[in-house]
Amino acid sequence: MDFTLDSIRETYTFDGSCQGSVSQAVAAFLESEEFEDAIRNIISIGGDCDTTGAITGSIAWIYYAVQSGAYEGWVTDLLRPC
């Protein structure tokens, strides 16, 4: 990736293709400091926010949840005992 979000913010437009959304979503995560920051980053460039937001959120959630230990019991607490 040879761009920052600041460098594309003014010119980025809707692009649902992999080439036009995945690298932007990864950049939003890489430029974040916490989960909410990642989501704000991707929304700030506009475009296909539901797709890019889902990608960014998926990466950021697992990264920041693992980093903080917040994932403990995430799945097991949702399942009923047999």
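What counts, and at which threshold
- Residues numbered from 1 in each chain as written.
- Predicted model: local features only at pLDDT ≥ 70, side-chain atom pairs only at ≥ 80, totals over all residues.
- Heavy atoms only, no water.
- Salt bridge = Lys/Arg side-chain N within 4 Å of Asp/Glu carboxyl O.
- Buried < 20%, exposed > 50% of the residue type's maximum accessible area, 1.4 Å probe, protein only.
- pLDDT = per-residue confidence, 0-100.
- Helix = DSSP H or I, 4+ residues; strand = E, 2+ residues; numbered from the N terminus.
- Arc of directions from axis to C-beta.
- Contact = heavy atoms within 4.5 Å.

- An unreviewed UniProt entry lists the protein chain under the name ADP-ribosylglycohydrolase family protein, with Candidatus Egerieimonas intestinavium given as the organism.

### Considerations on the pattern of salt bridges
Turning to step 1, where the next piece is worked out: On inspection of all chains with the given rule, the structure shows two salt bridges.
Turning to step 2, where the next piece is worked out: Between aspartate 6 and arginine 9 there is a salt bridge; the shortest N-O distance is 2.4 Å.
Turning to step 3, where the next piece is worked out: Residue classification places aspartate 6 among the exposed positions, given a relative accessible area of 57%.
Turning to step 4, where the next piece is worked out: According to the relative accessible area criterion, arginine 9 is partly exposed, its value standing at 27%.
Turning to step 5, where the next piece is worked out: Notably, a salt bridge pairs glutamate 36 with arginine 40, separated by 2.6 Å at the nearest N-O pair.

### Some words on the confidence of the model for the protein chain
In low-pLDDT regions, the fine details of the predicted coordinates are not to be read closely.
Turning to step 1, where the next piece is worked out: Confidence along the protein chain averages 87 in pLDDT terms, with 84% of residues attaining 70 or more.
Turning to step 2, where the next piece is worked out: The element-level mean pLDDT for the protein chain is lowest in helix H4 (residues 49–68), coming to 91, with helix H3 (residues 35–45) highest at 96.

### Structural notes on H3
Structural remark: α-helix, 3.6 residues per turn; residues separated by three or four positions point the same way.
Turning to step 1, where the next piece is worked out: Listed in full, the buried residues belonging to H3 are Ala38, Asn41, Ile42 and Ile45. For H3, the arc enclosing every buried residue in end-on projection is 90°, short of the 170-degree limit, so these residues lie on one face. Within H3, the exposed residues directed more than 90 degrees away from the buried face are Arg40 and Ile43.
Turning to step 2, where the next piece is worked out: Along its buried surface, H3 packs onto helix H1 (5–8), helix H2 (18–30) and H4.

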